[in-house]
Amino acid sequence: MKFIRDSVHGNLKLTEFEVRIVDTPHVQRLRRIKQLGFTNLIYPGANHSRFEHSIGAMYLASRLAEHLNLGPEKKSILRLCALLHDVGHGPFSHVSEGVLERSHESLTRELIRESVLGDIISEEFDLEQVMRILRGEGVLGQAINGELDVDRMDYLLRDSHYTGVAYGIIDVERLIYNMKMENDLVLDRKGVQAAESALLARYFMYPSVYQHHTTRIVNSMFRRCLRSLISEGVLDESRIYRYDDMDLIVMCRNQEGLAGDMIRRLDNRDLLKTVDSVKLNELEDPQRVFRITDAEIRRAEKEIADDMDLDPDYVVVNLPEYPAFDEMRTQVSVGDSIVNLSHISSLVGALKEARFNHADICVYVPRESAAAFREFSLHDYMDLPERRPAHPRQLRLTVPDYLKFR
């Protein structure tokens, strides 16, 4: 038995088998991958790693298994899957994933099969069962990869702790205590308020951390570096899970041209600047924005660059991440029925309307070129939905207002 001291959950116990897994190079690599990518350029304390998050998710999986009275084998396999659920993440986590054709979940399963991890796991467990759980299949899979899973619980707490943004503090104890195992992993009705709290936490962490306007700029800049490395054959994207953050930083610093220049800008916090933004909640059909293709974005960037006499690589049209908030689909046990959280929570209804409040499409260019964009409008270059007509007398209820009158 071994203990790891975690800054969020305290002392975490590992079995000898889990220590063998943790000591593999593939899991140790996670120590060198930041959980929030370049967010430390905005929140200097956000230097926590995927490794910390993985052992935190393992701990919460253990707590959930104990609450559900799972047997020793199911508890062990659930802990293992939580520990390994992010092992295929590329450098800087979701920042690099935005460039790749495959998800980190798919890369995780490939890495486990191809590496010593698969051999070690096969000594104790059925490898195919582990793969099914990692894909989110079955009740155990829902605990790792579901609407309200241990992954999400840990990262909200951990990201809140390290950024200093208090919105992510959620009642994990109450969430776990009200989980039930039926045909699916469901939440007892008594846990609805805790689920609403988790949903609100993500809603507020979205603009404050995950889609903070400067976070989006630095992520866009690094993605340009990464695309350059891949297109020039410097980096094999199918083996991205072999690299850590510093590997990619060094690769970029050793390049001339776009990758080298962008990484120098990031090193010195000489960031691109926003020259236009279109708020989604001001558009008639905000959902249509997320159907804009990469080809349409590239075309708009080239046209803007041509008109403004800029290199297209230095014009970025950035779409926000879709604010899905999967917690809305959490299954809740109400008497003899199982219903979606959205069917019994009026707060979810308010959030469905409010989730586009903080989302916008932005255009970024180098600081030295920003002055030329004073009269610029993205509507001239992209087929965006029409703006909603202004109704001065109409009361637009925001989530904070809703909570005040609840």
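Since the structure is predicted, the reported quantities are computational estimates derived from the model, not experimental observations.

The rules behind each value
- Residues numbered from 1 in each chain as written.
- Predicted model: local features only at pLDDT ≥ 70, side-chain atom pairs only at ≥ 80, totals over all residues.
- Heavy atoms only, no water.
- Helix = DSSP H or I, 4+ residues; strand = E, 2+ residues; numbered from the N terminus.
- Rg over C-alpha atoms; globule rule 2.2 N^0.38 Å.
- Buried < 20%, exposed > 50% of the residue type's maximum accessible area, 1.4 Å probe, protein only.
- Contact = heavy atoms within 4.5 Å.
- Lys, Arg positive; Asp, Glu negative; His and termini not counted.
- Charge placed at Lys NZ, Arg CZ, Asp CG, Glu CD.
- Pairing = 2+ DSSP bridges.
- Axes fitted to C-alpha atoms, helices over the stretch in contact; angles between N-to-C directions.
- Phe/Tyr/Trp six-rings, centres within 6.5 Å; stacked < 30°, edge-to-face > 60°.
- Lys NZ or Arg CZ within 6 Å of the ring centre and 35° of its normal.
- Arc of directions from axis to C-beta.
- Expected span 1.5 Å × (residues − 1).
- Parallel < 35°, antiparallel > 145°, perpendicular 65-115°, else oblique.
- Left-handed = near helix turned anticlockwise from the far one by under 90°.
- Nonpolar A, V, L, I, M, F, W, Y, C, P; charged D, E, K, R; others polar.

*Asks:* Which parts of the structure should I look at to understand the overall build of the protein chain?
*Replies:* In terms of regular secondary structure, the protein chain is built from 19 helices and 9 strands. For 406 residues, the compact-globule formula gives about 22 Å, and the C-alpha radius of gyration of the protein chain, at 22 Å, lands near that figure. Counting the 406 residues in the protein chain, one finds 56% classified as buried. Restricting to contacts in the protein chain with at least 6 residues of sequence separation, those with at least 24 account for 72%. Positive and negative side-chain charges in the protein chain, numbering 53 and 65 respectively, have mean positions lying 4 Å apart.

*Asks:* Please clarify how the sheet that holds strand β9 (residues 360-365) should be interpreted in this entry.
*Replies:* In a beta sheet, neighbouring strands are held together by backbone hydrogen bonds and run either parallel or antiparallel to one another. Across the sheet, 3 strands lie side by side as β5-β9-β6; this open sheet has antiparallel pairing. At either end of the open sheet lies a strand with only one pairing partner, and these are β5 (273-279) and β6 (316-318). Across the sheet, the axes of successive neighbouring strands diverge by a mean angle of 15°, strand direction being ignored. Relative to β9, β5 runs antiparallel, the two sharing 6 bridges. Counterpart to D276 in the pairing with β9 is V363. The sheet contacts of helix α13 (residues 213-231) involve β5, β6 and β9, and relative to β9 the element is tilted by about 55°.

*Asks:* I tried to follow the packing of aromatic side chains on my own but got confused; where do I start?
*Replies:* A ring pair, where both rings are aromatic, is described by two values, the distance of the centres and the angle of the planes. This structure, assessed with the given rule, holds 12 aromatic pairs. Note on F38 and F92: the rings are 4.2 Å apart at their centroids and 15° apart in plane angle, and the pair reads as stacked. One end of the pair, F38, is in the loop between α2 (25-28) and α3 (50-67); the other, F92, is in the loop between α4 (72-84) and α5 (94-97), with 54 residues separating them in the sequence. Across this residue pair, the class does not change: F38 and F92 are buried. Members of the aromatic cluster, connected to one another through ring pairs, are F38, F92 and F222. Across from the ring centre of F51, 3.9 Å away, lies the NZ or CZ of R31, which sits over that ring.

*Asks:* Whenever I open this one, the sheet that holds strand β7 (residues 331-334) confuses me. Can you help?
*Replies:* The strand order across the open sheet built from 4 strands is β3-β4-β7-β8, with neighbouring strands paired in mixed fashion. A single partner strand is all that each edge strand has here, and the edge strands are β3 (179-181) and β8 (337-340). Looking at each pair of strands side by side, their axes are set apart by 45° on average, direction ignored. As defined by bridge partners, β3 adjoins strand β4 (residues 185-188) across 3 bridges and the pair is classed as antiparallel. Its bridge partner lying in β4, M181 is registered against L185.

*Asks:* Looking at this model, I keep getting lost on helix α18 (residues 346-354). Mind explaining?
*Replies:* Two residues of an α-helix separated by three or four positions point the same way, owing to the 3.6 residues in each turn. Among the residues making up α18, those that are buried are L347, V348, L351 and A354. Within α18, the buried residues cover an arc of 125° as seen down the axis, which keeps them to one side.

*Asks:* Whenever I open this one, α13 confuses me. Can you help?
*Replies:* A rise of 1.5 Å per residue sets the reference length of α13, with its 19 residues, at 27 Å; its end C-alpha atoms lie 27 Å apart and thus fit the reference within 8%. In terms of burial, α13 is largely enclosed, as 15 of its 19 residues are buried. Following α13 by one or two positions, G233 has its phi on the positive side, about 75°.

*Asks:* So what exactly am I meant to see when it comes to the environment of K273 here?
*Replies:* Here K273 shows up in strand β5. Note on K273: relative accessible area 31%, which makes it partly exposed. For the pair K273 and R367, spaced 94 residues apart in sequence, the C-alpha to C-alpha distance is 5.5 Å. Leave out the neighbours within four places in its chain, and K273 touches V363, Y364, V365, R367 and A370.

*Asks:* In this structure, what is going on with the packing of helix α10 (residues 150-163) against helix α12 (residues 192-210)? I would like to understand it.
*Replies:* A packed helix pair is summarised by two numbers, namely the angle formed by the two axes and the spacing between the axes. Across the interface, α10 lies against α12 with an axial gap of 11 Å and an inter-helix angle of 45°. By the criterion of interaxial angle, the relationship of α10 to α12 is oblique. As α10 packs across α12, the resulting crossing turns out to be left-handed. Packed against α10, whose contacting residues are R152, Y155, L156, D159, S160 and T163, the element α12 presents A198, A201, R202, M205, V209 and Y210 at the interface. Its residues placed into classes, the contact of α10 with α12 shows 7 nonpolar, 2 polar and 3 charged.

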